[in-house]
Amino acid sequence: MENGRDTFPFPYQPYNIQEQFMQALYSALDQGKVGIFESPTGTGKSLSLICGALSWLSDFEEKRKQESAALLHEGEAALSTVTAPSSTSSSSAEPDWITDFVKKKADRDLVSKLKDEELKRKKREERLEMIRNNVQLKYAMKRKSCEDEEAITLLQLSKEEQTEPQGDQEDEELIIAEYESDDESKTKSRCSATEEDDDLVEEHVTKIYYCSRTHSQLAQFVHEVQKSPFSKDISLVTLGSRQNLCINDEVRRLVSSQRINDRCLEMQKNKHDKHQEEGVKRKRGPAKSVCPYNKATALQQMRDDVLGKVHDIEQMLKLGRETHSCPYYATRLSVPPAQLVVLPYQILLHEATRKAAGIQLKDQVVIIDEAHNLSDTLSCIHSAELTGAQLCRAHSQLTQYSDRYKSRLKAKNLMYIKQILFVVEGLVRVLGGKVGQNPQTQTTQTGTEMLTINNFLFKAQIDNINLFKLPRYFEKSLISRKLGGFVEKYAGSGVSLHTQNSIKENRRTEGLNRYLQTLQSNQSTTPADQQGSEAEKVLSASPMMQVEGFFMALTNSNTDGRVVVQRQGTVSESSVKFLLLNPAVHFAQVLEQCRAVIIAGGTMQPVSDFKQELLFSAGVGEERITEFSCGHVIPPENILPLVLCSGPSGQELDFTFQSRDTPRMMDETGRILSNICNVVPGGVVCFFPSYEYSRRIVSHWEASGALSRLANKKKIFQEPKKANQVEQVLSEFSRCIQRCAADPGGLTGALLFSVVGGKMSEGINFSDDLGRCVVMVGMPYPNIKSPELQEKMSYLDKHLPHNGGKSPGQALIENQCMKAVNQSIGRAIRHRGDYSSIVLCDRRYARPATLSKLPEWIKERTSTHTTFGSAFAALRKFFLEKKQEQV
């Protein structure tokens, strides 16, 4: 296998750019590169990734098999060679027989190792072949029992009411087990796995991890794999959260991801406790419910089904119900033998989550798709925020937990709980409050403060606490889960879990809680009652998981992050937020461990800051980075990008913060849209730089009559504020355009007002008549007055080199702006036969430095117009020609 390949299996004749993409991808994987790949939407990027990467994986496995066979042959030949005895021997020299023995031993060890690897490989291949041919596999289980009887028993246990006599023993599951720190447990086993779990452990094969942003994008990728030539030969598994994969209705109805996780882990523990207690008389107390879907044989059966055929998440849920097996744990068991693992960003990019999912990156391949916001994603995943209300509630709940079970908790646990309480108290103190009082009535001076981690610890007076030990305690003691169970059990039972109050106030709360319970049990509830019930659920939840995340964030290096203290008038509304400034420190682990990393997207421009901030800062050399960017499959005449420097009345288009709110600028924008709607058929999508500016300019048009003039030409839609309304607005937008096309005598289509960075600027397809013209009003620069952005700019200016006469901080805001623009204008033109126009309304787009940040396939076709007349003539001509082509 050379660093390339001439042909690739493909479901149809690939475009030239797809062949180039696959060849570049193959080469990058073979040479162990970090590749940045850009391929516009509509060019078949997913199929190119699949066929290019899986072709390399197939060749890599074949090459490794041949190399192992050659080494095995050489080793066996060396062992069969008889060394002639030496005619002379020297008393001072080492005897020849010793030298020969050492050499033969090394050869024997190598041959033995190669034979073992070959045997394992053959077993894997035979097993997969049997699975794919639907041959029933039989496993020798160490633990023998009747699975049907066990399933019935487990179902009864999971649903039965806890009616046994209650006493102190009833809270046994809420008590933290005896804790040992890492130093104390070095000579002891970390955990005791059951024998049936040992049967499920497998060795990791060479694989490709593919991750994307959303579950819908992952599902689309899996469907592309199903259509590819590799669908029958690849072992693929899709990973997801418990919330996405759980099929236990008793657990699913909890809705909250935190409560689902807690309940699942509790059932897991109950299962292990049940095995340990077999043959031992169970202590008096309520029966512990266990999950009926978590059984070894059923998990093995589902694992084999998952590996034998490509399934998406919906198909896996159906399979789990059919086999009475848990998809969440079955998919994790499938990871080691799988060749392609499909998973969301968060699982792969967060170290703790990665380890929990059983993902090993050593010498593997990672492909990160839709990676245009990878830096922001990393920062978001590793940032954390806590409100004063959450802190006070966590302190109150943990105090009550400690008081209730003080006599049953070991000294080490009590010591760590006191440390957690001490740190939480310090965080509340930083916000200007006290933990023993109601945070809603405690006032604090409004203001924002930015601190380094060390300065924050000093200010909170918690610098004497070892914050590296506390996250380990959280992880091993499962205190967040225990506290969550405690809160869920006792919320509304008279135990004050919201704030720490006096005994007298506790009694009042008890009566109020009983009253709330009667309201909730009433059949005829009003909307206000329902809202109160929802609020009560929020209040009764434990925020300790968020506290745990914030503690972990504080273990970052002092230079890599900042803590933002925001005081908002009351302690309840104030917050502390950890801001990660150096995402490269977490991405470096992925880059160092993997054989190759591919970062792909439809729009990756501009890549300069991406390389500097994420790759160079993580220690990746220029020689390891390779870039590939391809054009679009559409012919040049199917796109018309225009830079508009002035409007119909000659008004210069300058949408800077100082001039964009002037009446004449708003009026000119209305006239531009009116003219565009006169000549553009179908749908026009207009993007504004912010929700606030969109509101102001639409209000101005309503008052001036411009909006009604626009409505006479196209029906007007606006981006909704709620995410669950997006689908409805898009559906009505689409139906309106279809009706207008069928009735040429009426409106010419529809006009949609959207916001850059909003709900419709990413992941929404305005193909064909839905997006014949995309208008970008102004340049969507981020808020320069934001303390977080200012701190990020300051950090970059200090740690990154200055290039091209601009500081890294200044380059950051320009690149953020153009990334947002590129994502928005990329909503149109989604396939080879599509066509559209793009109108960039602001003279600043004409700057060469700004134009250079557009995608190459758009930039090379962009024309700049200093007068509106020439731009309007080009626009009218473009759509007249398209109309004539369709006749």
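Scroll up to find the structure this text is about.
Residues numbered from 1 in each chain as written. Predicted model: local features only at pLDDT ≥ 70, side-chain atom pairs only at ≥ 80, totals over all residues. Heavy atoms only, no water.

1. Overview of the packing of aromatic side chains
Now for step 1: Under the counting rule described, the total for this entry stands at 22 aromatic pairs.
Now for step 2: A centroid spacing of 5.0 Å and a plane angle of 70° characterise the contact between tyrosine 401 and tyrosine 405, whose relative ring orientation is edge-to-face.
Now for step 3: Residues tryptophan 701 and phenylalanine 753 carry aromatic rings whose centres are separated by 5.8 Å and whose planes lie at 50° to one another, so their mutual orientation is tilted. Placement of the pair is tryptophan 701 in helix 27 (residues 691-704) and phenylalanine 753 in strand 15 (residues 749-755), with a sequence separation of 52 residues. Here tryptophan 701 matches phenylalanine 753 in class, with each residue buried.
Now for step 4: Here the aromatic residues Phe688, Tyr693, Trp701 and Phe753 are joined through ring pairs into a cluster of three or more.
Now for step 5: Its end group placed over the ring of tyrosine 693, arginine 660 keeps NZ or CZ at 5.0 Å from the ring centre.
Now for step 6: It is arginine 772 that lies over the ring of tyrosine 835; its NZ or CZ is 3.8 Å from the centre. (Phe/Tyr/Trp six-rings, centres within 6.5 Å; stacked < 30°, edge-to-face > 60°. Helix = DSSP H or I, 4+ residues; strand = E, 2+ residues; numbered from the N terminus. Buried < 20%, exposed > 50% of the residue type's maximum accessible area, 1.4 Å probe, protein only. Lys NZ or Arg CZ within 6 Å of the ring centre and 35° of its normal.)

2. With respect to the pairing of strand 8 (residues 561-567)
Now for step 1: Of all 7 residues that make up strand 8, 7 are buried, and the element is covered over most of its length.
Now for step 2: Residues Gly561, Val563, Val565 and Arg567 line one face of strand 8 and the alternating positions Arg562, Val564 and Gln566 line the opposite face, and both faces are buried.
Now for step 3: One ladder, built from 6 bridges, connects strand 8 with strand 9 (residues 575-580); its direction is antiparallel. Paired with glycine 561 across the strands is leucine 580, a residue of strand 9. (Pairing = 2+ DSSP bridges.)

3. Quick word on the sheet that holds strand 6 (residues 384-387)
Now for step 1: The strand order across the open sheet built from 4 strands is 6-9-8-7, with neighbouring strands paired in antiparallel fashion. Looking at strand neighbours, the two that pair on one side only are strand 6 and strand 7 (447-452), the edges of this open sheet. With strand direction ignored, the average angle separating the axes of adjacent strands in the sheet is 15°.
Now for step 2: Here strand 7 pairs with strand 8 via 6 bridges, running antiparallel. If you follow glycine 447 over to strand 8, its bridge partner there is arginine 567.
Now for step 3: Across the sheet, helix 23 (residues 544-553) touches strand 6, strand 8 and strand 9, and the angle it forms with strand 6 is around 130°. (Axes fitted to C-alpha atoms, helices over the stretch in contact; angles between N-to-C directions. Contact = heavy atoms within 4.5 Å.)

4. What about the sheet that holds strand 10 (residues 596-601)?
Now for step 1: Pairing in this open sheet of 7 strands is parallel, and the strands run 3-4-2-5-10-1-11 from one edge to the other. Every interior strand has two partners, whereas the edge strands, strand 3 (236-238) and strand 11 (625-629), have only one. On average, each strand axis in the sheet is tilted by 15° relative to the strand beside it, whichever way the strands run.
Now for step 2: In this structure, strand 3 lies alongside strand 4 (residues 340-344), joined through 3 bridges in parallel fashion. Note on strand 4: the bridge partner recorded for threonine 238 is valine 342.

5. Overview of helix 18 (residues 453-460)
Now for step 1: Turning to helix 18, its buried residues number three or more, namely Ile453, Phe456, Leu457 and Ala460. Axial view of helix 18: buried residues confined to an arc of 100°, hence all on one face.
Now for step 2: The elements touched by buried residues of helix 18 are helix 17 (411-430), strand 7, helix 23, strand 8 and strand 9.
Now for step 3: Two residues or fewer past helix 18, glutamine 461 is found with a positive phi of approximately 60°. (Arc of directions from axis to C-beta.)

6. Considerations on the packing of helix 17 against helix 19 (residues 469-477)
Now for step 1: At a closest axis distance of 11 Å, the pairing of helix 17 and helix 19 adopts a crossing angle of 120°. With respect to helix 19, the axis of helix 17 lies oblique. The element helix 17 and its partner helix 19 pack so that their crossing is left-handed. Residue-level contacts link Asn413, Tyr416, Ile417, Gln419, Ile420 and Val423 of helix 17 to Lys469, Leu470, Tyr473 and Phe474 of helix 19.
Now for step 2: By residue class, the composition of the contact of helix 17 with helix 19 is 7 nonpolar, 2 polar and 1 charged. (Parallel < 35°, antiparallel > 145°, perpendicular 65-115°, else oblique. Left-handed = near helix turned anticlockwise from the far one by under 90°. Nonpolar A, V, L, I, M, F, W, Y, C, P; charged D, E, K, R; others polar.)

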